[in-house]
Amino acid sequence: MKRLLVLTVLCLALPVMAADKPDPLLKRGRYVVEMGACNTCHTALYGMLGGKIPEADWLTGDKVGWRGIWGTTYATNLRLYMQELTEEQWMQKARTLSTRPPMPWFAIQAMSDEDLRALYRYVRSLGAAGKPAPSYLPPLVTPRGPYVQFPFLPL
Ligand code: HEC
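This section reports on the structure supplied with the text. (Residues numbered from 1 in each chain as written. Predicted model: local features only at pLDDT ≥ 70, side-chain atom pairs only at ≥ 80, totals over all residues. Heavy atoms only, no water.)

## Side note on the packing of aromatic side chains
For clarity, the cut-off: Here a Phe, Tyr or Trp ring, Trp counted by its six-membered ring, pairs with any other such ring whose centre lies within 6.5 Å, and the pair is stacked when the planes are under 30 degrees apart, edge-to-face when over 60, and tilted otherwise. A run of DSSP states H or I qualifies as a helix once it reaches four residues; a run of E qualifies as a strand once it reaches two. Both are numbered from the N-terminal end. Under the scheme applied here, a residue whose accessible area is under 20% of the maximum for its type counts as buried, over 50% as exposed, and between as partly exposed, the area being computed with a 1.4 Å probe on protein chains only.
Counted by the stated rule, this structure contains 5 aromatic pairs. With a centroid separation of 6.0 Å and an interplanar angle of 85°, the aromatic rings of Tyr46 and Trp58 are classed as edge-to-face. Of the two residues, Tyr46 is situated in the loop between α3 (39-42) and β1 (65-68) and Trp58 in the loop between α3 and β1; the sequence distance between them amounts to 12 residues. Each member of the pair, Tyr46 together with Trp58, is buried. Where Trp70 meets Phe150, the ring centres are 5.2 Å apart and the plane angle is 70°; that geometry is what we call edge-to-face. One end of the pair, Trp70, is in the loop between β1 and β2 (71-73); the other, Phe150, is in the segment after β3 (147-149), with 80 residues separating them in the sequence.

## Structural notes on the layout of surface pockets
Definition in use: Two kinds of site are reported from a 1 Å grid over the protein atoms alone, namely cavities, where a 1.4 Å probe fits but cannot get out, and pockets, open sets with protein on both sides within 12 Å along at least five of seven lines, and residues are called lining when an atom falls within 4 Å of a point. Grid points are joined across faces, edges and corners, and a volume is the space filled by probe spheres set on the points. Each residue is assigned to one class: nonpolar for Ala, Val, Leu, Ile, Met, Phe, Trp, Tyr, Cys and Pro, charged for Asp, Glu, Lys and Arg, and polar for all the others, Gly among them.
In this model, the largest pocket occupies a volume close to 770 Å³. Along the walls of the largest pocket sit 35 residues, with His42, Tyr74, Ala75, Thr76 and Met103 positioned nearest its centre. Listed by contribution, the elements that provide at least two residues to the lining of the largest pocket are α3, α4 (78-83), α5 (87-95) and α6 (105-109). A total of 4 residues in the lining of the largest pocket trace back to one element, the largest contributor, which is α4. Its residues assigned to classes, the lining of the largest pocket comprises 24 nonpolar, 8 polar and 3 charged. Counted as a void, the second largest pocket has a volume near 210 Å³. In terms of lining residues, the second largest pocket is bounded by Thr40, Cys41, Thr43, Ala44, Leu45, Tyr46, Gly47, Met48, Asp62, Val64, Trp66 and Val148. When the residues that make up the lining of the second largest pocket are grouped by side-chain class, the tally is 8 nonpolar, 3 polar and 1 charged.

## As for the nonpolar core
To keep things clear, this is the line we draw: Residue types Ala, Val, Leu, Ile, Met, Phe, Trp, Tyr and Cys, when buried and joined through side-chain atoms within 4.5 Å, form a set referred to as a nonpolar core. By the convention used here, residues are in contact when the closest approach between their heavy atoms is within 4.5 Å.
Ranked by size, the top nonpolar core spans 21 residues in total, and within it Leu59, Trp90, Ile108, Leu116, Leu119 and Val123 carry the most contacts. Within the residue set of this core, elements represented by two or more residues are α2 (24-35), α4, α5 and α7 (113-126). Non-local contacts of Trp90, meaning those with residues more than four positions away in its chain, are made with Tyr81, Met82, Leu85, Ile108, Leu116, Leu119 and Tyr120.

## Notes on the coordination of the iron atom of the ligand
For clarity, the cut-off: Note: metal donors comprise N, O and S atoms at 2.8 Å or less from the metal (3.2 Å for Na, K and Ca); water molecules are not included, so apparent gaps in a site are possible. When four donors show all angles between 85 and 135 degrees the site is tetrahedral, when four or six donors have opposite pairs over 155 degrees and all other angles between 65 and 115 it is square planar or octahedral respectively, and in every other case it is irregular.
Each protein donor to the iron atom of the ligand is listed here as His42 (NE2) and Met103 (SD); together their distances run 2.0 to 2.1 Å. Considering all 6 donor atoms around the iron atom of the ligand, angles at the metal cover 88 to 180° and the coordination shape is octahedral. Taken together, the residues span a long stretch of sequence, with His42 in helix α3 and Met103 in the loop between α5 and α6 at a distance of 61 residues. When its relative accessible area of 9% is taken as the criterion, His42 is described as buried.

## Focus on the site of the ligand
Going by this rule: Near, as used in this document, describes a residue that has one of its heavy atoms within 4 Å of the molecule or strand being considered. Here a polar contact is taken to be a pair of N or O atoms separated by no more than 3.5 Å, where protein atoms must pair a possible hydrogen donor with a possible acceptor and residues adjacent in sequence count only if both atoms sit in side chains.
Near the ligand there are 23 residues, and of these Cys38, Cys41, His42, Tyr81 and Met103 occur at the shortest range. Taking His42, its side chain carries an N or O atom lying 2.8 Å from a nitrogen atom of the ligand. Arg100 places a polar side-chain atom, nitrogen or oxygen, 3.1 Å from an oxygen atom of the ligand. Taken together, the elements giving at least two residues each to the shell around the ligand come down to α3, α4 and α5. Broken down by class, the residue content of the shell around the ligand amounts to 16 nonpolar, 5 polar and 2 charged.

## So, the pattern of salt bridges
Keep this limit in mind: In the sections that follow, a salt bridge refers to a side-chain nitrogen of Lys or Arg positioned within 4 Å of a carboxyl oxygen of Asp or Glu.
Within this structure, the stated rule accounts for 9 salt bridges. Among the salt bridges present, the one from Arg28 reaches Asp115, with a minimum N-O distance of 2.8 Å. Taken as a pair, Arg28 in helix α2 and Asp115 in helix α7 lie far apart in primary sequence, 87 residues in all.

Take a look at the structure:
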């Protein structure tokens, strides 16, 4: 009888214990973000402060523009971006991703399926935070906020 009770308790507890186990892809996703240096552009001041920015603020985008012949781009708030996509939508988007500079979209395309999933799950697990980054500006528009100027190439 006692044995049966122990067994019953175990059977009830096991699924709960399994559900509590963190997704192993989350740890990998954090690693992908760190190795991909995504925070350098997608987290304000990250590069300047040598990465001393709390994880809660990671990937919330930046209002410093990148201006060159392509116009002015702003690193997207990925915390909001990922919330709007399902995992499958992200996987499809990532495989054909091509953006304006200086986003290294080719680094995303070089990732394995598992790394892409891990990245998505990790960013989603951080939750929505921050405001959307400013919108893209065409080449002849001077940004009102701060920006980094790339040299105009003699084409
Ligand atoms: C050198 C700066 C820089 C780095 C490093 C960088 N990004 Fe970006 N990212 C940008 C900019 C700028 C944009 C906006 C591009 C545009 O407007 O066309 C962007 C846009 C994006 C977008 C939105 C694409 C879309 O659908 O419009 C995603 C997703 C993204 N980055 C993911 C990442 C990830 C993941 C990493 C790390 C592996 C990363 N970025 C590293 C600058 C950067």
